[in-house]
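# Architecture and fold: a report
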Amino acid sequence: MKIGLVLSGGGIRGIAHLGVLQAMTEAGIKFDKISGTSAGSIVGSLFAQGIEPAEILKTFMKTHLYKYIRPAFKAKGLMLLDKIRTLLLDYIPHDSFEGLKTSMVITTTNFNECKVEYFSSGELINPILASSSIPVFFKPIKIEGGIYIDGGIKNNFQAEPLRSDCEFIIGSSCNHLPDM
């Protein structure tokens, strides 16, 4: 049976995905495909690279992200994610979906067409950055002539790319649930 994993966006709360991944790893659950948006795309890609959840947590704890995010002058956002690219390349040097140990899908929002787009092949880091580019705060990312922003804008819990390939899907959402 193929098992898929969905990791939502959620900003800094995305670190909670690591607890879920640690518990699943300890239970012996292996994922065949991962789908992530925004923070979930970062955590999911590092996990798909084969980095253990505890190691990802250590990396986040020792990395002062404010050093990697810089002000954007004359840009379409307050800050740039360019230096985050360097950090990600330290952990994912091949910069490709095909180089990951587990299949990965990253959700972005195509700003030009105001629609969800999924990336699962080719260059990896640009889609991660695009999926994490919160409008106004971060400059959008250009990919093949299109302008892309945070995937959570249109779909923050993207199980759709897994439904045709996985018989069982586990999801981790680090966002507030609505009152019932």
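One structure accompanies this document, and this report is about it. No experiment lies behind these values; they were computed from the predicted model shown.

### Here's the deal with the overall build of the protein chain
Looking only at helices and strands, the protein chain features six helices and nine strands. Counting over 180 residues, the protein chain shows a buried share of 48%. Long-range contacts, defined here as pairs at least 24 residues apart, represent 69% of the contacts in the protein chain between residues at least 6 apart. Only carbon and sulfur atoms are counted for the fraction: they give 58% of the accessible area of the protein chain, which is about 9600 Å².

### Brief notes about the pairing of strand 1 (residues 3-7)
Burial analysis of strand 1 places five of its five residues in the buried class, the great majority of the element. Burial along strand 1 is two-sided: Ile3, Leu5 and Leu7 facing one way and Gly4 and Val6 facing the other are all buried. Across five bridges, strand 1 lies against strand 9 (residues 168-172) in parallel orientation. Paired with Leu7 across the two strands is Ser172, which belongs to strand 9. Across four bridges, the pairing between strand 1 and strand 2 (residues 33-37) is parallel. When the sheet's bridge partners are listed, Gly4 is paired in strand 2 with Lys33. Traced from strand 1 through helix 1 (residues 16-26) to strand 2, the parallel crossover comes out right-handed.

### Quick notes on the environment of Gly19
Mapped onto the elements, Gly19 comes out in helix 1. Judged by relative accessible area, Gly19 falls into the partly exposed class, the value being 46%. For Gly19 and Ser172, which are 153 residues apart along the polypeptide, the C-alpha to C-alpha distance reads 9.9 Å.

### With respect to the packing of aromatic side chains
Using the criterion set out here, one finds two aromatic pairs in the structure. A ring pair is formed by Phe31 and Phe47, whose centres lie 6.5 Å apart and whose planes are at 70°; its orientation type is edge-to-face. In this pair, Phe31 sits in the loop between helix 1 and strand 2 while Phe47 sits in helix 2 (residues 39-48), placing the two residues 16 residues apart along the sequence. Summarising the burial analysis for this pair, Phe31 and Phe47 share the class buried.

### Digging into the side chain of His17
Relative to the elements of secondary structure, His17 occurs in helix 1. On the accessibility criterion, His17 (0% relative accessible area) is buried. For His17, the residues in contact, after removing those within four places along its chain, are Leu7, Ser8, Gly40, Val43, Ser172, Ser173 and Cys174.

### Observations regarding the nonpolar core
Of all hydrophobic cores here, the largest spans 33 residues; its most connected members are Leu5, Leu21, Phe31, Ile34, Met104, Leu124 and Leu129. Among the secondary structure elements, those contributing two or more residues to this core are strand 1, helix 1, helix 2, helix 4 (82-91), strand 5 (103-110), helix 5 (125-131) and strand 7 (141-143).

### Points about helix 1
What helix 1 keeps buried is the set His17, Leu18, Leu21 and Met24. For helix 1, the arc enclosing every buried residue in end-on projection is 125°, short of the 170-degree limit, so these residues lie on one face. Next to the buried residues of helix 1 lie strand 1, helix 2, helix 3 (53-62) and strand 9. Two residues or fewer past helix 1, Gly28 is found with a positive phi of approximately 85°.

Cut-offs applied
- Residues numbered from 1 in each chain as written.
- Predicted model: local features only at pLDDT ≥ 70, side-chain atom pairs only at ≥ 80, totals over all residues.
- Heavy atoms only, no water.
- Helix = DSSP H or I, 4+ residues; strand = E, 2+ residues; numbered from the N terminus.
- Buried < 20%, exposed > 50% of the residue type's maximum accessible area, 1.4 Å probe, protein only.
- Contact = heavy atoms within 4.5 Å.
- Areas by Shrake-Rupley, 256 points an atom, 1.4 Å probe, with all protein chains shown as cover.
- Pairing = 2+ DSSP bridges.
- Right-handed = clockwise from strand over helix to strand, strands pointing away.
- Phe/Tyr/Trp six-rings, centres within 6.5 Å; stacked < 30°, edge-to-face > 60°.
- Core = buried A, V, L, I, M, F, W, Y, C linked by side-chain atoms within 4.5 Å.
- Arc of directions from axis to C-beta.

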